[in-house]
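# Structural description and commentary
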Amino acid sequence: MSVEEVSQKFEETVSVSDNNEPKSVLSDSQFDVKHPLNTKWTLWYTKPAVEQSESWSDLLRPVTSFETVEEFWAIVQNIPEPHELPLKSDYHAFRNDIRPEWEDEANAKGGKWSYQVKAKRADIDELWLRTLLAVIGETIDEDDSQINGVVLNVRKGGYKFALWTKSEDKDPLCNIGARFKQVLKLGDDDHIEFFPHSAANAKHHQPSITL
Amino acid sequence: MVRYTIEELLQLKPSETLTANFDGAEFRAMIEKVKQLQAIKEEEYIAQHGGHFARRRSSHHHGKPKIKHTKPKVTTDSDGWCTFEAKKKGSGDEEEEDSGKETAPVQIAQETLKVKPNKNITSSRPADSKDIVADKPTLSFNAFAALESEDEDEDEDEE
């Protein structure tokens, strides 16, 4: 399913609910007023390759889109939690129709804040949920909408969290990085690293900022 | 810009399970299928490679095997000359050892090796015909006999 198809399906769902008269707390029946998010978000999933013939484009698929808090919770309740995912899986939540790829115009001049949880931690599901909530609630980036999306990689060595940004500007990025550390409950001894996408193909890919 | 803190969003989490705007069951089934395929592949790998017990010894994490190197024996005489007494090993020098040390205990081999000659590389024919000529007993050269025979030849020619 392409992004357009997901968007169309999503709009159909929203338009059907819009036709009904919104219900309030005072209504007799169920309260269904929705809390809108700042932008629409799309959830993507990278399926691990089980055959050699499968390419990256075959594996990366949009799952669904959401633009209210209630829709977000409905999705979270219906998808496996990070600890349930098979190895080499990725979850991506990206703003609007931005593809979770370096090549996307919105990502090309940006980079990512990255942190790897090396051990299999019991609170991994909670950390991913906190990251998602901080991103979709826009509290991780209070100054400007620098955030394009958030990624979780499930790997043999642990879980990797990445916050994708649209630029490499140091000042706003440092503010975001500091909040990202709070969201991940990291201490002063833990460090997160910022990698610009422009240097992603370099042999020895070094972080441009470390916090 | 609409903002929600993490705490506010958690408060908005519904207590009952909501229906998502996509087929969640299909998505979960796809992930379960991938997990099963991964498990089958892992089992196949273990069956082929014998699990982690069949791993090759890492040269990185373990030191080199300990080999005891015996120090060569050096004796110094009263004049200050050092003599190196190398230990002779049983590799090609057995004949010399036997001839030099008659008193040395003779070791009897515990195992008997049966060596079969390789028929493919042996031949009943000689390797070089020149060698046969050299090996054949030759008649000693008799100068007088040679002179006699030459005279006879000359006589015959003259006739």
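Quick summary incoming for the structure in this document. (Residues numbered from 1 in each chain as written. Chains lettered and ligands numbered in written order. Predicted model: local features only at pLDDT ≥ 70, side-chain atom pairs only at ≥ 80, totals over all residues. Heavy atoms only, no water.)

### Brief notes about the interface of chain B and chain A
Interfaces are frequently sized by the accessible area removed from exposure as the parts join. Which entries qualify depends on this criterion: Whether two residues are in contact is decided by their heavy atoms, any of which lying within 4.5 Å being enough. What gets called buried area is simply the loss in accessible area from a 1.4 Å probe that two parts show on being joined, summed for both. Should a side-chain nitrogen of Lys or Arg be within 4 Å of a carboxyl oxygen of Asp or Glu, the pair is scored as a salt bridge. N or O atoms closer than or at 3.5 Å make up a polar contact, with two conditions inside protein: a donor-capable atom paired with an acceptor-capable one, and, for residues adjacent in sequence, both atoms drawn from side chains. Segments assigned H or I by DSSP are reported as helices when at least four residues long, segments assigned E as strands when at least two residues long, and all are numbered from the N terminus. All residues other than Ala, Val, Leu, Ile, Met, Phe, Trp, Tyr, Cys, Pro, Asp, Glu, Lys and Arg, Gly among them, are scored as polar; the first ten of these are nonpolar and the last four charged.
If you look at the interface, chain B gives 28 residues, while chain A gives 40 residues. Across the chain B/chain A interface, buried area totals approximately 3200 Å², and carbon plus sulfur atoms make up 65% of it. Contact with chain A buries surface across chain B, with Y4, I6 and N21 of chain B losing the most and accounting together for 20% of the total. Counting every contact that joins chain B to chain A gives 0 salt bridges. For the pair chain B and chain A, the number of links is 14 residue pairs in polar contact (both at pLDDT 80 or more). For the side of chain B that touches chain A, the secondary structure elements donating two or more residues are α1 (6–11) and α2 (24–49) of chain B. Per element, the largest residue contribution to the side of chain B that touches chain A is 10 residues, and it comes from α2 of chain B. Among the residues forming the side of chain B that touches chain A, the class breakdown is 16 nonpolar, 6 polar and 6 charged.

### Thoughts on helix α6 (residues 170–183) of chain A
Residues and elements named next belong to chain A. Basically, it comes down to this: In this analysis, the expected span of each helix is defined as 1.5 Å times one less than the number of residues it contains. Here's how the labels work: a residue is buried when its accessible area is under 20% of the maximum for its type, exposed when over 50%, partly exposed in between, all with a 1.4 Å probe on protein chains only. Think of the arc as the fan of directions from the helix axis to the C-beta atoms.
The end-to-end C-alpha distance of α6, which contains 14 residues, comes to 20 Å, matching closely the 20 Å that a straight helix rising 1.5 Å per residue would cover. Three or more residues of α6 are buried, namely L173, I176, G177, F180, K181 and V183. The arc enclosing the buried residues of α6, seen along the axis, measures out at 150 degrees, which places them on a common side. Among the exposed residues of α6, those oriented more than 90 degrees off its buried face are D171 and Q182. Directly after α6, the chain includes K185, whose backbone phi takes a positive value near 60 degrees.

### Re the pattern of salt bridges
Applying the stated rule across the entire model yields 7 salt bridges over all chains. For K34 of chain A, the salt bridge goes to E71 of chain A, with nearest N and O atoms at 3.7 Å. Taken together, the residues K34 of chain A in the loop between α1 (3–19) and β1 (36–46) and E71 of chain A in helix α3 (residues 69–78) connect sequence positions 37 residues apart. Overall, K34 of chain A belongs to the partly exposed group, its relative accessible area being 39%. E71 of chain A sits in the buried class, given a relative accessible area of 11%. Across the pair E32 of chain B and K35 of chain B runs a salt bridge whose closest N-O atoms are separated by 3.7 Å. Pair noted here: E32 of chain B and K35 of chain B are both in helix α2, with a separation of 3 residues, about one helical turn. Of the residues examined, E32 of chain B reaches a relative accessible area of 42% and is grouped as partly exposed.

### Topic: the side chain of N78 of chain A
Within the secondary structure, N78 of chain A is located in helix α3. At 3.0 Å, the side chain of N78 of chain A forms a polar contact with the backbone oxygen of L18 of chain B. Ignoring anything within four residues of it in the chain, the contact list for N78 of chain A reads L18, T19, A20, F22, G24 and R28 of chain B.

### A few points about the environment of V76 of chain A
Considering the arrangement of structural elements, one finds V76 of chain A in helix α3. With 53 residues separating them along the chain, V76 of chain A and L129 of chain A place their C-alpha atoms 8.8 Å apart.

### Overview of the sheet that holds β1 of chain A
Residue and element names in this part refer to chain A. Convention followed: Whether two strands pair comes down to DSSP finding at least two bridges between them. Working convention: axes come from line fits to C-alpha atoms, limited for helices to the stretch in contact. Angles between N-to-C directions cover 0 to 180 degrees.
Strand order in the open sheet made by the 8 strands is β2-β1-β3-β5-β6-β4-β7-β8, with antiparallel pairing throughout. Strands with a single pairing partner mark the edges of an open sheet, and in this sheet they are β2 (60–68) and β8 (209–210). Two elements, strand β4 (residues 111–117) and strand β7 (residues 193–196), share 4 bridges in a ladder whose sense is antiparallel. By the bridge assignment for β7, G111 is matched with P196. Sheet contacts for α3: β1 and β2; angle to β2, the most-contacted strand, approximately 140 degrees. Across the sheet, α6 lies against β4, β5 (147–155), β6 (158–165), β7 and β8, angled at about 25 degrees from β4, the strand it touches most.

### A word on the packing of aromatic side chains
Using the following cut-off: Any two of the Phe, Tyr and Trp rings considered here, Trp counted by its six-membered ring, make a pair once their centres fall within 6.5 Å; the pair's planes then place it as stacked at under 30 degrees, edge-to-face at over 60, or tilted in between.
Under the counting rule described, the total for this entry stands at 9 aromatic pairs over all chains. Centre to centre, the rings of Y45 of chain A and F27 of chain B are 5.2 Å apart; their planes meet at 85 degrees, and the pair counts as edge-to-face. With Y45 of chain A in strand β1 and F27 of chain B in helix α2, this residue pair bridges two chains. Considering the side-chain rings of F66 of chain A and F72 of chain A, the 5.5 Å spacing of their centres and the 50 degrees angle between planes classify their relative orientation as tilted. By way of ring pairs, the aromatic residues Y45, Y91, W128 and F161 of chain A together with F22 and F27 of chain B are connected into one cluster.

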